[in-house]
Amino acid sequence: MCGRYVMSKATSDLLSHFDAREVEGSPPGPSWNVAPTQNVPIIAERLDEGTFDRRLLIAKWGLVPSWAKDAKIGSKLINARSESILEKPSFRSAAVRRRAIVPAEGYYEWQKTEDGKKIPNYLFSEKEPLLGFAGLYEFWADPQLPEDDPERWMLTCTVLTTTTQDALGHVHDRSPVIIPKDRFGEWLDPDLTDKADVQHLLDSLPEPTLTPRIVTTRVNSVRNNGPELIEAAEPPTPQK
């Protein structure tokens with residue numbers, strides 16, 4: 001799964017890397033410990049005056065389906081299994097109409113040891129300064145607010161995950177679906193609406209090459225934040 005990640009780049013860097021033209025909303029500040037329910041930047045193709053433009057949007061992490069009675073469900077939908085998004089009621093509509101890319105510099109996973117401990121690892125690319133997580137987004141209208149209330153509509157998102165196939169499987173058996181830079185356009189293509197084509201795209205994505213780094217347990221608390229969280233830490237000493 002993906003439950004924490006790093007996003008500290010400037011908005012201008014995101015616009016350049018993902019070839020986006022405009023920003024909608026107020027981008028959050030840099031974070032080395034992004035957590036569920038927080039506001040995060042996403043990249044999407046949005047219709048504007050009859051044409052699609054690639055834009056940077058600000059969404060709450062934790063997808064709230066349009067049919068949900070309240071927003072609480074979002075905390076349970078921070079991730080979506082890529083193998084079932086085209087069938088699950090919470091995701092199938094967004095999978096063919098509202099796909100996004102969630103920018104990240106890397107993410108955290110906790111490796112379970114035989115003695116029951118969980119070792120935090122920071123996973124990142126040594127070649128790419130930014131990763132593009134495959135994501136979905138939804139707009140949800142709060143039924144408790146009047147139609148003309150500017151706070152009525154909430155934009156939310158989720159990160160797709162898949163089975164970890166390579167050597168990183170020892171860290172965690174699930175990992176974010178990562179879109180290669182040369183395939184951003186395919187994933188965001190608003191004309192890609194056929195379920196079989198979306199599934200084929202997901203199935204054809206290459207396995208990313210990432211490096212795990214053991215980091216401090218300070219990352220365990222969302223209250224801690226700062227670049228020191230991704231620095232290498234001494235691995236725990238095995239108990240005899």
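Our subject is the structure that appears above.
Residues numbered from 1 in each chain as written. Predicted model: local features only at pLDDT ≥ 70, side-chain atom pairs only at ≥ 80, totals over all residues. Heavy atoms only, no water.

What follows concerns the side chain of H17. Looking at the secondary structure, you find H17 in helix α1 (residues 11-17). With relative accessibility at 11%, the residue H17 sits in the buried group. Those residues in contact with H17 that lie beyond four places of it in its chain are E128, L130, K181 and F184. (Helix = DSSP H or I, 4+ residues; strand = E, 2+ residues; numbered from the N terminus. Buried < 20%, exposed > 50% of the residue type's maximum accessible area, 1.4 Å probe, protein only. Contact = heavy atoms within 4.5 Å.)

Turning to the layout of surface pockets, a few remarks are in order. Its boundaries defined by the atoms lining it, the largest pocket holds a volume of some 370 Å³. Residue lining of the largest pocket: 19 residues in total, with S125, E128, L131, P208 and T209 positioned closest to the centre. Its residues assigned to classes, the lining of the largest pocket comprises 9 nonpolar, 5 polar and 5 charged. Residue lining of the second largest pocket: 16 residues in total, with S82, T162, V177, L202 and L205 positioned closest to the centre. At the level of secondary structure, the elements contributing two or more residues to the lining of the second largest pocket comprise β11 (153-163), β12 (174-176) and α4 (195-204). (1 Å grid on protein atoms, 1.4 Å probe; cavity = no way out; pocket = protein on both sides within 12 Å on 5 of 7 lines; lining within 4 Å. Points joined across faces, edges and corners; volume = space filled by probe spheres on them. Nonpolar A, V, L, I, M, F, W, Y, C, P; charged D, E, K, R; others polar.)

A few words now on the packing of aromatic side chains. A full pass over the atoms with the stated rule returns 8 aromatic pairs. On the numbers, 5.4 Å between centres and 45° between planes, the contact of Y108 with Y122 is tilted. Taken as a pair, Y108 in strand β8 (residues 106-112) and Y122 in strand β9 (residues 118-124) lie far apart in primary sequence, 14 residues in all. Looking at Y108, the relative accessible area reads 0%, which means it is buried. You can call Y122 buried: its relative accessible area is 4%. Three or more aromatic residues link up through ring pairs in this structure, and these residues are Y5, W61, Y107 and F133. Positioned over the ring face of W187 is R99, at 5.5 Å from the centre of the ring. (Phe/Tyr/Trp six-rings, centres within 6.5 Å; stacked < 30°, edge-to-face > 60°. Lys NZ or Arg CZ within 6 Å of the ring centre and 35° of its normal.)

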